[in-house]
Amino acid sequence: MISLASDNLLGTVFGVYLARAKDEEIRKIKVASGGAVTALLTYALEKGIVDGVVTAKRIKGLEGQAIVAHDKKELLEAAGNKWSIVPFAARMKAKIEEENLQRVALVCLPCQAQFFGQMRDFPLLETDFGERIKYIISLFCMGTFAFEAFLNYLRMKYGIKAEQIKDIALKKDFLEIIYDDTTLALPIEEVYSYLQAGCLVCTDYTGTWSDISAGFVESEPGWTVLIARNPRAEELIKNAEKEGYLELKEGSHVIGEVLKKAREKLARAQQNMMYLL
């Protein structure tokens, strides 16, 4: 276990790695982040460690839906940034029952990781499917958009329609909207007002209730930061490397960058909570 400062905002940390997929097909799609989460979950599915992965798939613009992926092809179809909340809970319970899934991995946001982590660790009999959740993977998150309002803003001010948007990426202090063959860089301050209200008071950047947190840092383009939070998570990551799915290198030197973002989110939440009092 890695020792962190007393003001630690990252939760329990067993190991920090920089990872990328060894599969060229995955890396071609996930150039910026290295595709480590897709590769890790492909390993878990192909080796029978899990029998389904609940994740989000973007339909158009910022709109998405929860899906269950059963193989690499379906994982690749869901790859990409999501900037809106997708209703996992009802969809997940229905899919678990429909497909009789027994060992599920979740890819979700910190707020969802907390919900599912508590459900798994403190099960309620009348709604219990937490024992079927084998791994929770949380993505680093500064917030998600109220997508209808944000899309309306993009259409009214910049003439960008939802169906034109191919991707959205956070680059330093700018949000890049990639549409058609053009990129629009919006200062973060310009778009904060379109975040979900709950995101403005959320203090969790990495997903402290997860088994594995995943994201990127500016100093290591093409690599995914993986934070293993327990021995099971670390074993999954190490075995994926041994089986040739992941390329790994030690990543504790990037903790400072992750903490910087975590503190920025905390400060934003504290400021917004003061306005609400």
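Report follows, based on the coordinates.

Thresholds, definitions, all that
- Residues numbered from 1 in each chain as written.
- Predicted model: local features only at pLDDT ≥ 70, side-chain atom pairs only at ≥ 80, totals over all residues.
- Heavy atoms only, no water.
- Salt bridge = Lys/Arg side-chain N within 4 Å of Asp/Glu carboxyl O.
- Helix = DSSP H or I, 4+ residues; strand = E, 2+ residues; numbered from the N terminus.
- Buried < 20%, exposed > 50% of the residue type's maximum accessible area, 1.4 Å probe, protein only.
- Axes fitted to C-alpha atoms, helices over the stretch in contact; angles between N-to-C directions.
- Parallel < 35°, antiparallel > 145°, perpendicular 65-115°, else oblique.
- Contact = heavy atoms within 4.5 Å.
- Nonpolar A, V, L, I, M, F, W, Y, C, P; charged D, E, K, R; others polar.
- Expected span 1.5 Å × (residues − 1).
- Arc of directions from axis to C-beta.
- Lys, Arg positive; Asp, Glu negative; His and termini not counted.
- Polar contact = N/O pair within 3.5 Å; in protein donor to acceptor, adjacent residues only side chain to side chain.
- Pairing = 2+ DSSP bridges.
- Phe/Tyr/Trp six-rings, centres within 6.5 Å; stacked < 30°, edge-to-face > 60°.

## Considerations on the pattern of salt bridges
Across all of its chains, the model carries 13 salt bridges by this definition. Across the pair R232 and D211 runs a salt bridge whose closest N-O atoms are separated by 3.3 Å. Of this pair, R232 sits in helix α8 (residues 231-242) while D211 sits in the loop between α7 (188-191) and β9 (212-215); the two residues are 21 residues apart in sequence, bridging distant segments of the chain. Taking the relative accessible area as the measure of exposure, D211 reaches 2% and is therefore buried. K261 serves as the salt-bridge partner of E264, at 4.0 Å between the closest nitrogen and oxygen. Here E264 pairs with K261, and both are found in helix α9 (residues 255-276), just three residues apart, close to one helical turn. The exposure class assigned to E264 is partly exposed, which follows from its relative accessible area of 32%.

## Here's the deal with the packing of helix α2 (residues 36-46) against α8
Where α2 meets α8, the axes come as close as 10 Å, and the angle between the chain directions of the two elements is 90 degrees. Judged by the angle between their axes, α2 and α8 are roughly perpendicular. Contacts from L40, Y43 and A44 in α2 reach L236, I237, N239 and A240 in α8. The class makeup of the residues in the contact of α2 with α8 is six nonpolar, one polar and no charged.

## A few points about helix α6 (residues 147-158)
Counted at 1.5 Å a residue, the expected span for α6 with its twelve residues is 16 Å, and the 16 Å between its end C-alpha atoms agrees. Those residues of α6 not exposed but buried are F150, L151, Y153 and L154. Taken end-on, α6 shows its buried residues confined to a sector of 155 degrees, consistent with a single buried face. For α6, the exposed residues set more than 90 degrees away from the buried face come down to E148 and M156. Buried positions along α6 lie against β6 (165-171), β7 (174-179), β8 (182-187) and α7. Backbone geometry just downstream of α6 places G159 in the positive-phi region, at approximately 70 degrees.

## Considering the side chain of K265
Tracing the backbone shows K265 in helix α9. Buried charge without a partner: K265 forms no salt bridge, and the closest opposite charge is D204, 6.4 Å away. Those residues in contact with K265, other than ones at most four positions away along the chain, are C141, M142, C199, C202, D204 and Y205.

## Considerations on the side chain of T42
Considering the arrangement of structural elements, one finds T42 in helix α2. Within polar-contact distance, the side chain of T42 engages the backbone oxygen of T38 at 2.7 Å. Not counting residues within four places of it along the chain, the set of residues in contact with T42 comprises I26, K72, L75 and Y245.

## Remarks on the environment of N100
You can see N100 is positioned in the loop between α4 (88-99) and β4 (104-108). Leave out the neighbours within four places in its chain, and N100 touches D51, K95 and R132. Of note is the side chain of N100, whose polar atom sits 2.8 Å from the side chain of Q102.

## Details of the pairing of β8
Strand direction decides the pairing type here: β7 and β8, joined by six bridges, are antiparallel. Note on β8: the bridge partner recorded for F174 is P187. Between β7 and the antiparallel strand that follows it, β8, lie two residues; D180 among them carries a positive phi value of about 50 degrees.

## A short note on the packing of aromatic side chains
Scanning the entire structure with this criterion turns up seven aromatic pairs. Ring centres of F115 and F116 lie 5.1 Å apart, and the angle between their planes is 75 degrees; this geometry places the pair in the edge-to-face category. Residue classification places F115 among the partly exposed residues on the basis of a relative accessible area of 41%. When the centroid spacing of 5.2 Å and the interplanar angle of 45 degrees are considered together, the rings of F140 and Y205 count as tilted. Linking F140 in the loop between β5 (133-139) and α6 with Y205 in the loop between α7 and β9, this pair joins segments that are 65 residues apart in sequence. For F140, a relative accessible area of 13% puts it in the buried group. Taking relative accessible area as the criterion, Y205 reaches 7% and is therefore assigned buried.

## Things to note about the sheet that holds β7
Strand order in this open sheet of three strands is β6-β7-β8, and the pairing throughout is antiparallel. Each edge of the sheet is formed by a strand with only one pairing partner; in this case those strands are β6 and β8. For this sheet the average axis-to-axis angle between neighbouring strands, irrespective of direction, equals 20 degrees. Where β6 lies against β7, six bridges are found, and the strand directions are antiparallel. Paired with I168 across the strands is I177, a residue of β7.

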